[in-house]
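Structural description and commentary
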Amino acid sequence: METAYFNGKFIPKDEISISPDDRGFLFADGIYEVARWYESFFYDMTSHVTRLKRSLRELRINWDGADLFPSIANDLIRLNKLGSQQAMVYFQVTRGAAVRTHYFPSPETTPTVYANAWGFVPDNQSLESGIKVMLKEDIRWSRCDIKSIALLPNTISFQEAFENGMKECIFVRNGLITEGSHSNIFFVIDGTLFTHPESNQVLSGITRKNVLRIAQELGIKIREEAVQENRIRFIREAFITNTSAEVTPVIDLGGNTLGDGLPGPMTRLIREKFDAEIKAIKG
Ligand code: PMP
């Protein structure tokens, strides 16, 4: 029986009931986080808490429990006996249940807080061999910096990639490559590492931030600058980053083979350093 967290209690997931007036249900009026457990620790939980607080602040959801995220996450790992394996914790806060109006309900409305955890098996095939990704017009809103649960443009875009045998859908807005449906993307052009700058067009990924730090430590030349779709022919390497995919090589971008169609040397170097950091924390 899976144990989940719901509004202050750890209870069997099946026993959770949520009001049909919940603004998460009616308006996707909520935010979420996903953190990864590596057999004995959460990777960069501090950044997840910081981003959770930022998302709440940006949507003006009054919940002062964000600092509880690490202890709730640890409890979920323990209660679901996931301690010695890899796992994910999902955490969501909505504005709560209120009469359906387009204006926000009273600030006293109690937010709905939900979290669960599950065992996670990394996609080693993709990590080793690289993935093919689709390119599509970015049909999302202009606050992609908020980790909102309103993910319909992301899911319908990803579904199209999935149905075409591809592992991610990469978005293009006004000719510029932004990010994936659930990942950030990096490119190697002329030996320089490129990724879209932090802005309202992309989510500030925690893996993105750590990869930029690692690249800097490796002495790699970095430009936080969007790459134009019409410069694809100059891209030698690419990789996506997110909490579950870590650093996953991209070998084909919208039907264009990158480099020699294999994970490139800079991608492999960054991946190795990322893996080494995880191993070092594990001890
Ligand atoms: N962009 C989007 C749109 C995402 O959904 C995600 C996954 N949360 C990311 C980037 C990567 O973020 P992170 O590295 O924090 O998982």
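Rules behind the numbers
Residues numbered from 1 in each chain as written. Predicted model: local features only at pLDDT ≥ 70, side-chain atom pairs only at ≥ 80, totals over all residues. Heavy atoms only, no water. Near = heavy atom within 4 Å. Polar contact = N/O pair within 3.5 Å; in protein donor to acceptor, adjacent residues only side chain to side chain. Areas by Shrake-Rupley, 256 points an atom, 1.4 Å probe, with all protein chains shown as cover. 1 Å grid on protein atoms, 1.4 Å probe; cavity = no way out; pocket = protein on both sides within 12 Å on 5 of 7 lines; lining within 4 Å. Sits in = over half its atoms within 2 Å of the grid points. Helix = DSSP H or I, 4+ residues; strand = E, 2+ residues; numbered from the N terminus. Nonpolar A, V, L, I, M, F, W, Y, C, P; charged D, E, K, R; others polar. Pairing = 2+ DSSP bridges. Axes fitted to C-alpha atoms, helices over the stretch in contact; angles between N-to-C directions. Buried < 20%, exposed > 50% of the residue type's maximum accessible area, 1.4 Å probe, protein only. Contact = heavy atoms within 4.5 Å. Domains from an automatic or database assignment. Buried area = accessible area lost by both parts, 1.4 Å probe. Salt bridge = Lys/Arg side-chain N within 4 Å of Asp/Glu carboxyl O.

This brings us to the site of the ligand. Around the ligand sit 17 residues, and of these Lys 147, Glu 179, Ile 206, Thr 207 and Thr 243 come closest. In the environment of the ligand, an oxygen atom lies 2.6 Å from a nitrogen or oxygen atom belonging to the side chain of Thr 207. For the ligand, whose accessible area on its own is 390 Å², the fraction buried by protein is 93%. Mapping the ligand onto the cavity grids shows that it belongs to the largest pocket. When contributions to the shell around the ligand are tallied by element, the ones reaching two or more residues are strand S8 (176-180), helix H6 (206-217) and strand S13 (237-242). Among the residues making up the shell around the ligand, the classes are represented as three nonpolar, 10 polar and four charged.

Turning to the sheet that holds strand S2 (residues 9-12), a few remarks are in order. Taken in spatial order, the five strands of this open sheet run S2-S1-S5-S4-S3, and their pairing is antiparallel. In the strand order of this sheet, the two ends are held by S2 and strand S3 (30-38), each with one partner. Taking the axes of each pair of neighbouring strands and ignoring which way they run, one obtains an average angle of 25° across the sheet. Two elements, strand S4 (residues 86-94) and strand S5 (residues 112-119), share eight bridges in a ladder whose sense is antiparallel. Paired with Ala 87 across the two strands is Gly 119, which belongs to S5.

Our focus in this paragraph is the side chain of Thr 192. By the secondary structure assignment, Thr 192 is in strand S10 (residues 192-195). The exposure class of Thr 192 is buried, given its relative accessible area of 5%. Beyond its immediate chain neighbours, meaning those up to four positions away, Thr 192 contacts Phe 187, Lys 221, Ile 222 and Arg 223.

Moving on to the domain arrangement of the protein. Size of an interface, as often reported, equals the accessible area lost when the parts are brought together. Here the protein is described as being made up of domain 1 (3-119) and domain 2 (124-282). The gap between the C-alpha centroids of domain 1 and domain 2 is 26 Å. Each partner contributes residues to the interface: domain 1 has 27 residues there, and domain 2 has 23 residues. With both chains or domains summed, domain 1 and domain 2 bury close to 2100 Å², and 60% of this area falls on carbon and sulfur atoms. On the domain 1 side of the interface with domain 2, the three residues burying the most area are Tyr 32, Tyr 43 and Arg 51, jointly 31% of the side's total. Between the two partners, domain 1 and domain 2, sit five salt bridges. Arg 54 serves as the salt-bridge partner of Asp 145, at 3.0 Å between the closest nitrogen and oxygen. Connecting domain 1 to domain 2 are 12 residue pairs in polar contact (both at pLDDT 80 or more). Of all the elements in the fold, those that place two or more residues in the side of domain 1 that touches domain 2 are S3, helix H2 (45-58) and S4. For the side of domain 1 that touches domain 2, the element with the highest residue contribution is S3, accounting for eight residues.

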